[in-house]
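Residues per chain are reported as follows:
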Amino acid sequence: MNVMVPSRAAFGLAATLFVASLASVAKAEDASPWQHDAHSAVRLLAGSRSGGVLLGGIAIQLQDGWKTYWRTPGDSGVPPRFDFTKSDNVEAVTVLWPAPMKFDDGAGGFSLGYKKQVVLPLRIVAKNNDKPVTLRLHISYAVCEKICIPVEASSDLTFSSVASTEDGNLAAALDSVPKPANIGDPTPVTIRDVRREGAKGVLVDVGAPEAKDVSLFVEGPTPDWALPIPKLVENSPPGVKRFAFDLEGLPPGAKPDGAALKLTLVGGERAYEFNVNLD
C-alpha cells in the first residue's frame, strides 16, 4: 500500500530529521566511542573550544568490584601511562588527577586509585589556534579485583568550536582535582606542620574537624621514589590528626635532605596539594 505525504508535511519531517541528525552528530563529537575490555571501558571527552588551551578528559568506567590506579599506586599496583604523540595540532597535554581513594590491596597493604568511574581532566595546548585539534590517545592501565589485568586502548577525538555537552562533566572532574595550598592556609582541612623525626621519620600535623575522615598521601620529587602511605598516629594532640611515614623507597643514591615532596590531603569532598622541602 502506498502512502502519500503532503509536500509541506514531507518538508517539515525532513527538516526535523535533518536537525535531529545534526544534533546527534554534534553530541557524538563531544565524546569518542567507548573502547571496552572485559572489565572496563575508556573514551575521550572534549570540552568547548575557546582559545589555544582546551579542556578535555579521559573517562574510565569500571565494573563493580574492580579498580584502577592513581599516578602513585601505593603499596602495589600499576599507574596509567598515556601517549598523545600521534595527535594533530597539539603542542602539549597535561593530565590532571582527581583525588584518589585508599583501598586494601589484598596483600596486607593499601593501594591508591579509583573505583566505578573517573574522569581525568586534560589541559591541551594547541599549536595553531585556527586549525582543528585532533587528540589521539594510547593508554596503558591496569584493572584489578583480586588479580591485576593489563589493558591497552586507543581512542581519538576532534575538538570542534561549538559548545560541548560534556562541559558539565569536565567541570565536575576539575573540581575533584586537589587544589594548590600552603602550610597553614585556613582551608577546611590543612597541613599545619611538617618535620623530621630522627634519621628517617617524618611527622605531618593536619588540622581538621574531629569527625572528618582524612587521608594523606606523599610523593617524592620524581616518579621513581616509592614512599610509603602515611599512617595516622593514635593519640594525636587535641585538634590535630598526626600522620607519620618513613623515608623509605628512595631510588639508589637519592638523599632525603632538601628533597621536594608533594603531599595530597583529602578530607571529605575537599582535597589539597602541598609542596614542601624536607629540612
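Residues numbered from 1 in each chain as written. Predicted model: local features only at pLDDT ≥ 70, side-chain atom pairs only at ≥ 80, totals over all residues. Heavy atoms only, no water.

Caption draft 1: The arrangement of the overall build of the protein in detail. Along the backbone of the protein there are two helices and 19 strands. Counting all 279 residues of the protein, 41% fall into the buried class. Put simply, 66% of the contacts in the protein that link residues at least 6 apart link residues at least 24 apart. Here the protein displays about 15400 Å² of accessible surface, and carbon together with sulfur accounts for 54% of that area. (Helix = DSSP H or I, 4+ residues; strand = E, 2+ residues; numbered from the N terminus. Buried < 20%, exposed > 50% of the residue type's maximum accessible area, 1.4 Å probe, protein only. Contact = heavy atoms within 4.5 Å. Areas by Shrake-Rupley, 256 points an atom, 1.4 Å probe, with all protein chains shown as cover.)

Caption draft 2: The arrangement of the sheet that holds strand S19 (residues 270-277) in detail. In spatial order, the strands read S12-S19-S18-S15; together these four strands make up an open sheet with mixed pairing. Only two strands of the sheet have a single partner each, and these edge strands are strand S12 (179-181) and strand S15 (214-219). Strand after strand, the sheet turns through a mean of 25° between neighbouring axes, direction not considered. Of the strand pairs in this sheet, S15 and strand S18 (residues 260-267) are connected by six bridges, and their pairing is antiparallel. Counterpart to Val-214 in the pairing with S18 is Gly-267. (Pairing = 2+ DSSP bridges. Axes fitted to C-alpha atoms, helices over the stretch in contact; angles between N-to-C directions.)

Caption draft 3: Quick peek at the state of the cysteines. Per the stated rule, a full pass over the model turns up one disulfide. Note that Cys-144 is cross-linked by a disulfide to Cys-148, the S-S spacing being 1.8 Å. Of note, the bridge from Cys-144 to Cys-148 carries an S-S torsion of about 105° and is right-handed in sense. Of the residues examined, Cys-144 reaches a relative accessible area of 2% and is grouped as buried. A relative accessible area of 41% places Cys-148 in the partly exposed class. (Disulfide = S-S within 2.5 Å.)

Caption draft 4: A look at the confidence of the model for the protein. When the pLDDT values of the protein are averaged, the result is 88; 90% of them are 70 or greater. Within the model, the stretch residues 1-28 combines pLDDT values under 50 with two contacts to residues more than four positions away or in other chains. (pLDDT = per-residue confidence, 0-100.)

Caption draft 5: Quick peek at the sheet that holds strand S16 (residues 231-232). The antiparallel open sheet is built from four strands, whose spatial order is S13-S14-S17-S16. Two strands close off the open sheet at either side, each with one partner strand: strand S13 (190-197) and S16. Inspection of the sheet shows S13 paired to strand S14 (residues 201-207) by seven bridges, in the antiparallel sense. Looking at the pairing, Asp-193 lines up with Asp-205 of S14.

Caption draft 6: Examining the side chain of Ser-164 more closely. Relative to the helices and strands, Ser-164 resides in the loop between strand S11 (148-159) and helix H2 (167-175). Looking at Ser-164, its side chain comes within polar contact range of the main-chain nitrogen of Glu-166, at 3.0 Å. Setting aside anything within four residues of it in sequence, one finds Ser-164 in contact with Asp-30, Ala-46, Gly-47 and Ser-48. (Polar contact = N/O pair within 3.5 Å; in protein donor to acceptor, adjacent residues only side chain to side chain.)

Caption draft 7: Summary view of the packing of aromatic side chains. Summed over the entire model, instances satisfying the criterion amount to four aromatic pairs. Geometrically, the ring pair formed by Trp-70 and Phe-217 is tilted, given 5.9 Å between the ring centres and 55° between the ring planes. Within this pair, whereas Trp-70 is found in strand S4 (residues 67-74), its partner Phe-217 is found in strand S15, the two being separated by 147 residues in sequence. Residue classification places Phe-217 among the buried residues on the basis of a relative accessible area of 2%. Aromatic pair Phe-82 and Trp-97: ring centres 5.9 Å apart, planes at 55°, arrangement tilted. In this pair, Phe-82 is assigned in strand S5 (residues 81-83) and Trp-97 in the loop between strand S6 (90-95) and strand S7 (101-104), connecting sequence segments 15 residues apart. By relative accessible area, which is 23% here, Phe-82 ends up partly exposed. Here a set of aromatic residues connected by ring pairs shows up, and it is made of Phe-82, Phe-84 and Trp-97. If you follow Lys-102 out to its NZ or CZ, it ends over the ring of Phe-110, 4.9 Å from the centre. (Phe/Tyr/Trp six-rings, centres within 6.5 Å; stacked < 30°, edge-to-face > 60°. Lys NZ or Arg CZ within 6 Å of the ring centre and 35° of its normal.)

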